[in-house]
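The chain contents come next:
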Amino acid sequence: MTILEVQDLKTYYSTLKGDVKAVDGVRLQMEKGESLGLVGESGCGKTTLALAIMRLLPWNGRIVGGKILLNDVDIVGLDEAIFDKDYRWKRMAYVFQGAMNALNPVFKVGDQIAEAITIHEDVAKREALDRARELFSLVGIDPGRITSYPHELSGGMKQRAMIAMALACNPDFIIADEPTTALDVIVQAQTLEVINELQKKLGITMMLITHDLSVVAQTCTTCAIMYAGNLVEYADIDTTFSDPVHPYTQALISAFPSIKEDRRELISISGVPPNLLNPPTGCRFNPRCPHRMDICTKEKPEYLEIGDRHFAACHLLTNGG
Ligand code: SF4
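**Student:** I'd like to hear about the pairing of strand β8 (residues 205-210), residue by residue, with values.
**Tutor:** Most of β8 is tucked away, with 6 of its 6 residues classed as buried. Of the two faces of β8, both are covered, the one formed by Thr-205, Met-207 and Ile-209 as well as the one formed by Met-206, Leu-208 and Thr-210. Both strand β3 (residues 35-39) and β8 contribute to a ladder of 5 bridges, which runs parallel. Pairing of Val-39 across the sheet is with Thr-210, part of β8. Here 5 bridges tie strand β7 (residues 173-177) to β8, and the two strands are oriented parallel to one another. Directly across from Ile-174, in β8, lies its bridge partner Met-206.

So this is what it looks like as C-alpha cells:
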C-alpha cells in the first residue's frame, strides 16, 4: 500500500540573486512499512524535500510545482488549518535535525509530549501523560523521567524523547532528519537500534535523511540518492550497495568503507556540488562525472524504472556509454 507519493515536486527559495532550485522535479513513492534512506551531500535538497512534505518551509521557500500525496490526498493545496489539525504530527511527524535543542528548556519533557497529544486529540492531560510514559518505555527511557527537564537528560535520551514526541499521535509516516549526527558513535548506535526496534514493532513508514551511508546500511530497506535537487537513483538497499548504476551512487559507494572488501581503495568524489541558483544544464552531475558524454551537457536524463522498483536518471542507461 502506497503511503507517500511525490510527483514532479519543485521547491524553490527566493533570494536577492534569483531562485535557488533546491528541489527540481522529484518523483518518489513510499510503501507502508518502508524505511527509506534519503542520501546526498550537504545542500543537495534532502531537508528541503522533507520540509516541503511537512509544509514547514522557511518564509522564502515555496512549492512551485508538483504534488505530494499522503494516502492519496494531495496535501500541497490543503487549507493550512486543516493540514495543521489533521495531518502535521497526526498523520506525519518530523524528528528535526539537531533535535536535542528542539525541546523547550523550561518545560518538563513529559508535559511537552502531552501537549503535542492534547492539541491534536480530544484527550485529558492525565491520559496524555500516561501515553507519554508508554512512549518513553517504547524508546527505552525510564517512564519516570517524563518529569525531567531537558537539561536533566543525556544527549541520547533527548534524541529518543524527540522520537517519542514524533510518535505521540500515532502518525502513518515519520521523517527523521539526520537523527544521529550530533551524537557520539556509541549513542548513535543505540539510537539506530531504537529506530530499528520501533520499525519492527510498529511497522512505521520512515524517511531517514542522512549523508552517512553506514546509517542507511544499518537502518533502511530502500535508498534514494539525491544530487543537486534531483533524485538520481532509487533502489532496495542490497541493490544500492551491490549494483548501483548511476555514476554518483557508484562514487558514493566507492567512498564508503566495506568490511567485506578490506583492501578496497576508498575513492573520494572530485569537485563540489553545483550552485543551485544556476545549476549546470543537462545532467547536473556532468561537471564531476567521469563518464560524461556530449548529450550530458545538453539534455536532462529521464528518471526511468530500470528494474523492479529500481529507478535511475543517467544517459548511460539509454545511450549505452
Ligand atoms: Fe554522467 Fe552523463 Fe550519466 Fe550524468 S547523465 S551521470 S554526466 S553519464
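That shown, we press on.
**Student:** Go over the packing of helix α3 (residues 109-120) against helix α4 (residues 125-138), please, and point to the residues and values.
**Tutor:** At a closest axis distance of 8 Å, the pairing of α3 and α4 adopts a crossing angle of 115°. Here α3 runs over α4; the crossing is right-handed. Residue-level contacts link Val-109, Gly-110, Asp-111, Ile-113, Ala-114, Ile-117 and Thr-118 of α3 to Lys-125, Ala-128, Leu-129, Arg-131, Ala-132, Leu-135 and Phe-136 of α4. Here the residues of the contact of α3 with α4 sort into 9 nonpolar, 2 polar and 3 charged.

**Student:** Outline the domain arrangement of the protein chain, supporting the account with residue identities and numerical values.
**Tutor:** When its domains are assigned, the protein chain resolves into domain 1 (2-91 + 171-317) and domain 2 (99-170). A separation of 28 Å is found between the C-alpha centroids of domain 1 and domain 2. Each side of the interface is counted separately: domain 1 has 21 residues, and domain 2 has 13 residues. Together, the buried faces of domain 1 and domain 2 total about 1400 Å²; carbon and sulfur atoms form 73% of this surface. Put simply, domain 1 and domain 2 have 0 salt bridges between them. Applying the counting criterion to the domain 1 and domain 2 interface returns 2 residue pairs in polar contact (both at pLDDT 80 or more). Those elements that place two or more of their residues in the side of domain 1 that touches domain 2 are α2 (80-86) and α6 (185-202). For the side of domain 1 that touches domain 2, the element with the most residues is α6, which contributes 8 residues.

**Student:** How would you explain the sheet that holds strand β1 (residues 2-15) if you had to name every residue and give the values?
**Tutor:** Spatial strand order, β2-β1-β4-β5: 4 strands in an open sheet with antiparallel pairing. In the strand order of this sheet, the two ends are held by β2 (18-31) and β5 (73-74), each with one partner. Where β1 meets strand β4 (residues 61-70), 8 bridges bridge the pair, whose relative direction is antiparallel. Bridge pairing links Glu-5 to Leu-69 in β4.

Calculation notes
- Sequence order as written defines residue numbering, which begins from 1 separately in each chain.
- Where totals are concerned, whole chains, interfaces and linings use all residues; where local detail is concerned, this predicted model gives features only for residues with pLDDT of at least 70, and gives and counts side-chain atom pairs only at 80 or more.
- Heavy atoms from the whole structure form the basis of all side-chain values; hydrogens and water molecules are not counted.
- Burial status follows relative accessibility: with a 1.4 Å probe on protein chains alone, a residue under 20% of its type maximum counts as buried, one over 50% as exposed, and anything between as partly exposed.
- Helix and strand assignments follow DSSP, with helices taken as H or I runs no shorter than four residues and strands as E runs no shorter than two, numbered in order from the N terminus.
- Only strands joined by at least two bridges in the DSSP assignment are considered to pair.
- Axis angles are defined between N-to-C directions and span 0 to 180 degrees, where every axis is a line fitted to C-alpha atoms and, for a helix, only to the segment in contact.
- Crossing chirality is assigned from the near helix's rotation relative to the far helix, an anticlockwise turn below a right angle marking it left-handed and a clockwise turn marking it right-handed.
- By the convention used here, residues are in contact when the closest approach between their heavy atoms is within 4.5 Å.
- Side-chain classes follow a simple rule in which Ala, Val, Leu, Ile, Met, Phe, Trp, Tyr, Cys and Pro form the nonpolar group, Asp, Glu, Lys and Arg form the charged group, and the remainder, Gly included, forms the polar group.
- An automatic or database domain assignment supplies the residue ranges for each domain.
- Accessible area that two parts lose when put together, evaluated with a 1.4 Å probe and summed over both, is termed the buried area.
- Salt bridge, as applied in this entry: a Lys or Arg side-chain nitrogen positioned within 4 Å of an Asp or Glu carboxyl oxygen.
- Nitrogen and oxygen atoms within 3.5 Å of one another constitute a polar contact, given that in protein one can donate a hydrogen and the other can accept it, and given that sequence-neighbouring residues count only through two side-chain atoms.

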